Amino acid sequence: MSHADQSVNRQSLLAAADHARALLDAMVRLDEDTPVAPELAQRLESVLELLADHVQPVEAMVGGRTADRSGPRKGSYRDRSPISGVLNPIAPPVTLRVMDDHTANTTTTLGLAYQGPPGRVHGGFVASLLDHIMGYAAGTVGTWIFTRSLTVDYDHAVPLFEELAISARVDHIDGRKIWVVGEIRAEGSVVARARGLWLPPRAVPKGNEG
Ligand SMILES: CCCCCCCCCCCCCC(=O)SCCNC(=O)CCNC(=O)[C@H](O)C(C)(C)COP(=O)(O)OP(=O)(O)OC[C@H]1O[C@@H](n2cnc3c(N)ncnc32)[C@H](O)[C@@H]1OP(=O)(O)O
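Computed from a predicted model, the values in this text were never measured in an experiment.

About the cut-offs
- The written sequence of each chain sets the order in which its residues are numbered from 1.
- Whole-chain, interface and lining totals are the exception, using all residues; otherwise, since this is a predicted model, local features are given only for residues with pLDDT of at least 70 and side-chain atom pairs are given and counted only at 80 or more.
- Computation of side-chain values covers all heavy atoms of the structure but excludes hydrogens and water.
- Every helix listed is a DSSP run of H or I at least four residues long, and every strand listed is a run of E at least two residues long, numbered separately from the N terminus.
- Contact definition: two residues touch when any of their heavy atoms are within 4.5 Å.
- Side-chain atoms within 4.5 Å link the members of a nonpolar core, which is a set of buried Ala, Val, Leu, Ile, Met, Phe, Trp, Tyr and Cys residues.
- Exposure is judged per residue with a 1.4 Å probe applied to protein chains only, and the accessible area is read against the type maximum: over 50% gives exposed, under 20% gives buried, and values in between give partly exposed.
- If a single non-hydrogen atom of a residue is within 4 Å of a molecule or strand, that residue counts as near it.
- Two N or O atoms form a polar contact when they lie within 3.5 Å of each other; inside protein one atom must be a possible hydrogen donor and the other a possible acceptor, and for residues adjacent in sequence the pair counts only when both atoms belong to side chains.
- Values of accessible area rely on a 1.4 Å probe in the Shrake-Rupley scheme; residue burial ignores everything except the protein chains shown.
- Charged residues are taken to be Asp, Glu, Lys and Arg, nonpolar residues to be Ala, Val, Leu, Ile, Met, Phe, Trp, Tyr, Cys and Pro, and polar residues to be all remaining types, Gly included.
- UniProt positions are given in the numbering used here, feature names are shortened, and annotations may be inferred rather than shown by experiment.
- For every residue, the pLDDT score states the predictor's confidence, bounded by 0 at the bottom and 100 at the top.

1. A short note on the environment of Leu199
No. 1: Following the sequence through the fold, Leu199 ends up in strand β6 (residues 189-199).
No. 2: Linking Leu199 and Ala138, residues 61 residues apart in sequence, is a C-alpha distance of 8.7 Å.
No. 3: In contact with Leu199, other than residues within four places in its own chain, are Trp144, Ile145, Phe146, Arg148, Arg176 and Lys177.

See below:
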């Protein structure tokens, strides 16, 4: 496939991911007695049939930078992230800004697919957002790092449908330990805060040494 074709294909994939995102939103807004339910199930089944011969085996997609170098490039690992992956429909997605001063930030607005208590973002997803943005701040110190500990304070409701500003910074480094703080603001006020510890593995995971 030529570069131009690749780029057109990627645009189509991005559009498909956006449609899938809109589908997730529509699914959680459907009335249980919606008359279109049988047709919806049928149409989605045929979409899955279309994909059946084209989805990659999971082994090709698991892993980091060097997953399956044997075949043609299967696409970026980061594009598949559940938080910032543009090709992953469960990701809002958020566009990360990662800075040289060991900070990371983003903004996002979440809809009903992320609802916990009525009108509020699910607490687990609040933690996931913080974990991800804080992980990227920690990732400015060392490439391979894992969340070892994360403590979230839910100070106030994290609202749906309003722009959330999520930011994180490395607080201090103690040997291998990277301590990070993060927060979420809505309308300028802090609604959730977190503190966490990130650590590199003792050995780089197999297949990702390059
Ligand atoms: C392509 C790649 C790009 C990557 C870019 C980055 C972006 C990523 C974005 C993604 C973001 C999403 C991110 C994700 O989703 S990461 C996925 C979720 N996290 C994991 O899966 C991690 C699971 N854990 C482990 O694998 C290991 O525990 C690791 C490797 C982390 C460390 O195993 P290791 O065997 O080395 O160490 P240890 O566990 O014995 O502990 C080590 C030290 O830590 C101290 N300790 C522990 N807890 C606390 C505490 N609460 N307060 C104070 N101290 C604490 C403890 O006492 C000990 O201290 P010391 O005795 O050594 O002094």
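Now, onward.
2. What about the nonpolar core?
No. 1: Membership of the largest hydrophobic core comes to 32 residues, with the highest contact counts inside it found for Leu110, Val121, Leu130, Val158, Val180 and Ile184.
No. 2: Among the secondary structure elements, those contributing two or more residues to this core are α4 (123-138), β4 (164-174), β5 (177-186) and β6.
No. 3: Among the elements that make up this core, the one with the highest residue count is α4 (ten residues).
No. 4: If we skip the residues at most four places from it in the chain, Val158 touches Gly119, Arg120, Val121, Val126, Leu164, Ile184, Val191 and Ala192.

3. Observations concerning the site of the ligand
No. 1: Among the 18 residues in the neighbourhood of the ligand, the closest are listed as Arg78, Thr147, Arg148, Arg176 and Lys177.
No. 2: Take Lys177: an N or O atom from its side chain is 2.9 Å from an oxygen atom of the ligand.
No. 3: At 3.2 Å from an oxygen atom of the ligand is found a side-chain nitrogen or oxygen belonging to Arg202.
No. 4: When the ligand is considered free in solution it has 1300 Å² of accessible area, and contact with the protein chains removes 58% of it.
No. 5: Ranked by the residues each element gives to the shell around the ligand, the list is headed by strand β3 (residues 146-154), at four residues.
No. 6: Here the residues of the shell around the ligand sort into seven nonpolar, four polar and seven charged.

4. Notes on the UniProt feature "domain: Thioesterase" (unreviewed entry) in the chain
No. 1: The positions that UniProt labels "domain: Thioesterase" (unreviewed entry) are, in the present scheme, residues 119-190.
No. 2: Helix makes up 22% of residues 119-190 and strand 44%, with an end-to-end C-alpha separation of 17 Å.

5. What about the confidence of the model for the chain?
No. 1: Of all residues in the chain, 90% attain a pLDDT of 70 or more, and the chain-wide mean is 91.
No. 2: Scored below 50 in pLDDT, residues 66-73 shows six contacts in the model against residues more than four places distant or in partner chains.

6. Here's the deal with the side chain of Ser81
No. 1: Residue placement: Ser81 occurs in the loop between α3 (58-61) and β1 (97-98).
No. 2: Classification of Ser81 by relative accessible area gives buried; the value is 9%.
No. 3: At 3.0 Å, the side chain of Ser81 and the backbone nitrogen of Ser84 are in polar contact.
No. 4: Discounting residues that sit within four places of it in the chain, Ser81 has contacts with Asn88, Ala91 and His132.

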